[in-house]
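A look at the structure
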Amino acid sequence: MARIGVFVCHCGENISSTVDCERVAQQAGRLPGVAFSADYKYMCSDPGQSMIKEAIAEHRLTGVVVSACSPRMHEPTFRKACAEAGLNHYLCEMANIREQCSWVHPKDEATTQKAFDLVRTQVEKVRNDNPLEPIRVPVNKTAVVVGGGVAGIQVALDVAAGGHKVILVERDPSIGGHMSQLSETFPTLDCSQCILTPRMVEAAQHPNITLMTYSELESMDGFIGNFNLRIRRKARSVDEKLCTGCGLCTTKCPNKKIPSEFEQGLAFRTAIYTPFPQAVPNKPVIDRDNCTWFKTGKCGVCGKLCPTGAINYQQQDEIVEVKAGAIVLATGFEVKKTDFFPEYGYGRYRDVITGLQFERLASASGPTRGEIRRPSDGRVPEKVVFVACAGSRDPAKGIPYCSKICCMYTAKHAMLYKHKVHEGTPYVFYMDIRAAGKNYDEFTRRAIEEDGAKYIRGRVSNIYEKNGKLVVRGADTLLGGKPVEIEADMVVLATAAVSCDGSEELAQKLHVSYDSYKFFAEAHPKLKPVETNTAGIYLAGACQAPKDIPESVAAASGAAAKVIGLFANDTLTREPVVARVNRTAPPIFSTCMGCGLCISICPYQAIDTEEITDRSGKVVKTIARINPGLCQGCGTCVSFCRSKSIDLEGYSNKQVYQEVVAMLNSD
Amino acid sequence: MNKLGFYPGCSLEGTSREYAESVLATAELFGVELAQVPDWNCCGATAAHNLNRALSLALPARILAKALDAGMKEIVVPCAACYNRLSVTQHELFLDEKLRRETEEAVGLPLSDKVEILNVVQFVERYIEGQLPEKVTQPFGSDVACYYGCLLVRPHDVLQFDRQEDPQAMDRVMRLLGANPIDWPFKTECCGASLSIGRTELVAKLSGRIVREAEERGAGAIIVGCPMCHSNLDMRRPQINKYLGARSKIPTLYLTQAIALACGLDKKQSGTRRNFVKVDWNALRNS
Amino acid sequence: MSRNINPHATVDPECLTPAPEPHGRHSAHFSASSLASQASATVGVDSARCYQCGKCSAGCPLADEMDFTSSAVLRMLQTEDPAADRELLTSQTIWLCASCEMCISRCPMQVDIPKLMDFLRQRSLYEGLANRDARRNIVAFHRSFLDVIRLTGRSYEIGLVVDYKVRSGKLLQDLTVAPAMFLKGKLALIPEMVRDRRGIKRIFKKTDE
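Residues numbered from 1 in each chain as written. Chains lettered and ligands numbered in written order. Predicted model: local features only at pLDDT ≥ 70, side-chain atom pairs only at ≥ 80, totals over all residues. Heavy atoms only, no water.

This next bit is on the sheet that holds strand β4 (residues 92–96) of chain A. Residues and elements named next belong to chain A. Taken together, 4 strands build an open sheet; the order of strands is β2-β1-β3-β4 and the sheet is parallel. On the outer flanks of this sheet lie β2 (34–40) and β4, each paired with one strand and no other. Mean inter-strand twist for the sheet, computed between neighbouring axes without regard to direction, equals 15°. In the sheet, strand β1 (residues 4–9) pairs with β2 via 6 bridges, with the strands oriented parallel. Paired with glycine 5 across the strands is phenylalanine 36, a residue of β2. Strands in contact with helix α5 (residues 109–127) are β1, β2, β3 (63–68) and β4; relative to β4, the strand with the most contacts, it is inclined by about 160°. (Pairing = 2+ DSSP bridges. Helix = DSSP H or I, 4+ residues; strand = E, 2+ residues; numbered from the N terminus. Axes fitted to C-alpha atoms, helices over the stretch in contact; angles between N-to-C directions. Contact = heavy atoms within 4.5 Å.)

Before going further, it helps to spend a moment on the domain arrangement of chain A. Residues and elements named next belong to chain A. One can read the domain layout of chain A as domain 1 (4–133), domain 2 (135–234 + 317–332 + 500–570), domain 3 (236–315), domain 4 (337–498) and domain 5 (579–648). On a C-alpha basis, the centroid separation for the pair domain 3 and domain 4 is 35 Å. Domain 3 puts 5 residues into the contact, and the matching count from domain 4 is 8 residues. The contact between domain 3 and domain 4 buries some 660 Å² in all, and 62% of this surface belongs to carbon and sulfur atoms. Of all residues in domain 3, Glu263, Gln264 and Leu266 bury the most surface against domain 4, accounting for 79% of the area lost on that side. Applying the counting criterion to the domain 3 and domain 4 interface returns 1 salt bridge. A salt bridge links glutamate 263 to arginine 360; the shortest N-O distance between them is 2.8 Å. Residue composition of the side of domain 3 that touches domain 4, by class: 3 nonpolar, 1 polar and 1 charged. (Domains from an automatic or database assignment. Buried area = accessible area lost by both parts, 1.4 Å probe. Salt bridge = Lys/Arg side-chain N within 4 Å of Asp/Glu carboxyl O. Nonpolar A, V, L, I, M, F, W, Y, C, P; charged D, E, K, R; others polar.)

A separate point is unusual backbone geometry. Cis geometry is found at the peptide bond from Val280(A) to Pro281(A), where omega equals 0°. The residue Pro281(A) is located in the loop between β15 (272–273) and β16 (285–286) in this model. Residue Pro587(A) follows Pro586(A) across a cis peptide bond; omega there is 5°. Considering the arrangement of structural elements, one finds Pro587(A) in the loop between β31 (579–581) and α16 (597–601). Positive phi, normally seen in glycine, also occurs at Asn439(A), with a value near 65°. One can find Asn439(A) in the loop between β22 (425–430) and α13 (440–449). A positive phi is found at Gln110(C), a non-glycine position, where the angle reads about 55°. With respect to the element layout, Gln110(C) can be found in the loop between α7 (102–106) and α8 (113–126).

What follows is the structure in structure tokens.
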């Protein structure tokens with residue numbers, strides 16, 4: 001026979017001003033199975049908690065209902081008090097008569113009645129509660145970082161410095177990301193490669209960091225502390241262990257006219273290639289789509305020439321299984337290409353380029369060795385027009401947001417151009433100059449005042465080619481929208497920053513939310529900026545929204561701090577609210593018929609099958625089995641089970657039914 | 001024999017007779033019978049939508065209602081201005097039921113959105129393009145500048161015709177006629193359109209830029225699908241020449257005139273004898 | 001703190017049907033008397049959406065001729081200054097706009113400027129503020145055009161030109177081109193007419209504003 005205690009809290013006057021707490025307690029005391037009831041002004045206070053503990057001991061209570069506020073804040077408080085008095089945590093329930101009753105109703109007889117009804121439902125629930133134990137899970141102290149740009153490198157280095165293992169997964173043949181393509185960085189104009197490449201090397205050499213380049217995340221299951229990942233190592237066709245990175249293969253490859261991704265199409269590469277000279281690892285890959293050997297079975301020059309025999313045409317993609325306790329997404333961004341702009345020529349004018357292409361032109365390691373020359377004929381441009389907000393802040397093009405980095409890099413481009421071509425004139429069409437950041441506004445002013453960039457406030461309507469010049473038609477809105485026409489030699493579009501190709505698929509594999517532009521969503525825009533809504537998965541850098549380098553690095557260190565904080569625990573506890581398949585005495589064993597419906601609908605892949613054998617080892621029945629480590633307690637299987645064989649611990653069908661009956665029987 | 005509805009519009013009955021002649025001659029050559037929408041009226045053109053929105057919807061609505069009444073499923077509307085007004089009217093009336101009921105009340109006839117409105121290029125694409133390889137007997141040999149103007153391509157979300165920057169449909173047809181359509185940036189720039197009579201000097205300037213650009217880029221003819229563009233580029237040539245300070249000789253041909261010439265029809269059938277700027281077919285064709 | 005919810009209360013259907021707003025948001029922040037709010041209410045063009053990028057003015061073929069460019073027009077509407085509203089209604093701009101729709105085809109905010117221009121023209125005539133120069137030529141031409149249609153159901157060049165010459169007083173303009181047109185067979189001496197002229201009259205009557 002149950003012996004339940006009911007404790008009604010006044011919450012100062014928060015509850016008692018509209019609910020007659022004393023009467024609720026008295027009425028509750030008369031419910032069958034209730035052995036004790038009381039009301040008190042502040043149940044969560046020390047005397048209130050003592051009252052509960054004493055009552056448990058004195059009345060030998062088998063369950064407790066605290067009728068007070070929302071369980072969100074104080075359920076742990078009261079469950080802890082019960083546990084201290086020797087009662088199992090999970091035999092304590094709360095009836096929320098504050099948010100769900102006193103705060104939303106006037107002082108009235110019906111309000112008190114509703115409070116009592118809420119108490120009564122919880123009494124029924126407690127009557128059917130079973131003692132449960134929290135689930136303890138170990139924490140695997142390895143982190144997987146997806147994306148090897150500056151953000152991913154920073155996360156990896158920080159977590160590794162914290163003494164934990166890191167696997168850095170990069171889709172391209174080299175780590176480095178967009179930052180390795182940049183010439184100089186704002187607002188200091190320090191060389192991007194000079195500050196990044198040492199970090200790339202450090203990441204490669206760190207004993208705690210394993211690099212997996214040319215690799216992609218295939219699938220993920222598990223949960224915080226215990227993720228299982230499958231990573232596809234794409235066939236490099238080059239044995240990384242044998243290859244010394246001598247580069248003979250890349251110089252001898254006859255297939256030399258493939259547009260280089262790293263150079264943004266401004267230069268060519270070979271079919272076997274290292275993306276750039278400072279690549280990490282500095283080992284080539286064969287681009288099988290463009291390799292003569294893979295297309296026709298002829299050639300094989302690289303294989304014949306390689307002094308160490310590292311070329312392996314037979315290499316296959318390899319799936320590597322990895323266990324990790326935390327995952328950090330740092331997959332970065334992309335920029336729209338010039339063919340995105342019908343009014344700027346659909347990408348058919350060679351001298352209309354993107355900001356990222358301009359970075360390559362300005363880079364000392366770029367196709368022109370840092371000289372500003374236009375792609376069509378290699379001439380040094382005398383007039384260059386820079387167009388900010390190309391695609392950004394443009395709802396009609398489906399990109400209403402600000403790409404954030406363009407104002408600054410456009411000012412930098414104008415400056416770099418002027419530094420390299422003293423006689424040249426840079427024009428900048430802009431809508432607003434967004435230069436909020438340390439030394440940012442000063443930087444844009446410098447572009448205008450010291451380097452003579454001609455800023456024109458207006459957007460460019462269209463661009464067309466005429467006699468080898470690009471006619472740029474814009475307007476000066478500070479002069480009432482007066483049309484401005486500039487015959488430029490080159491046009492640089494600060495094209496919109498967008499989420500990476502494949503972001504949506506990756507987010508779905510990891511159960512991470514994303515916004516309508518397929519940037520990954522943080523758990524809270526202010527207080528949880530590097531967490532996702534999936535515990536144990538964190539965000540760093542521009543995969544979340546356009547970010548510049550300082551911001552990406554700051555977010556990366558933030559994510560690393562979260563990972564190190566998680567890894568400070570050897571085990572994690574989880575609520576034992578998980579689904580369970582019932583078991584009965586032989587010869588039935590379980591009412592589960594093994595139909596498998598639950599297996600297919602479980603969103604966490606937590607269900608498989610289990611065979612029940614007799615003493616001789618013969619299989620007598622196959623039933624569903626739920627892995628409590630994977631189960632998230634969502635209850636989907638419970639509602640789908642046709643034979644009602646699955647129950648959620650702490651929320652069994654019977655309990656919920658009894659609660660509903662108690663609610664409907666109110667008089 | 002395909003039988004289609006046909007709305008010539010006022011221009012094709014008057015200032016742009018050569019357009020009507022070339023459309024009808026081409027249709028006949030390609031086995032299409034064009035039956036006029038019974039007792040059709042003017043679409044109201046720019047005047048109506050500048051001065052009176054309700055009227056600008058009711059006049060085209062009557063035309064659509066008449067076509068519906070005659071059981072026409074497709075109507076060919078060679079005039080780009082009429083095509084635009086009819087399409088926009090149909091679009092707006094079937095977005096807003098109240099507006100439709102008011103308009104039906106004014107017109108006194110029921111409306112339906114089932115009448116498909118074809119501009120001249122769509123007509124050519126659907127009923128003529130496929131037969132061109134066999135029917136072209138006198139291919140073009142020159143460069144041409146396909147000029148679409150405003151009304152064929154804008155507003156794009158209503159018309160959904162070709163791409164609104166650098167459209168290609170006419171270029172494709174001209175290529176089939178043997179011509180080499182040039183890549184030029186004035187395909188959809190405005191010729192001045194309705195300002196033709198009210199502010200002729202502005203039309204001379206706007207159309208002048210188009211003529212100059214086409215000529216400078218080596219085109220032997222400008223190809224159009226709109227009587228307003230045609231009259232501005234052709235009939236207004238003296239004013240254009242005055243603006244340019246030069247005597248431009250580049251003729252302006254309707255797309256259907258170009259097809260007619262390439263298929264061996266003469267200047268009477270193609271209506272080119274009515275053009276103001278002389279069409280020198282010998283200079284244009286492949287010899 | 002406490003609020004009784006009456007389950008029988010009905011929702012005012014007016015609250016559920018927003019004014020026509022072809023491009024998403026409706027702007028309720030204009031004072032009722034301003035031109036901006038009238039434009040929003042009658043043709044659903046919300047000038048608050050304009051963020052003054054100037055792309056419309058940049059591509060406008062007639063911007064050079066206008067007293068206010070299209071982006072300036074939007075800015076003036078946004079101020080809701082009665083003096084600015086009046087300046088707009090008396091401007092040349094609204095009559096010079098050729099409705100080529102280049103502006104909206106490239107407008108990042110999809111502000112329907114051609115529709116707005118139609119609205120401003122009609123407003124300007126209604127309030128008797130139409131620009132004097134424009135009234136003499138452009139408005140006169142449009143009026144003549146509609147006069148002819150009202151009578152015959154179709155446009156008829158000679159009738160139109162005569163009507164226009166009378167309205168505009170420009171008796172000599174275009175006389176040079178007329179004989180050539182006649183010779184090319186492009187001028188009909190007798191107007192083509194719609195048979196059902198009562199139907200046309202009915203349309204003009206019903207849509208008279």
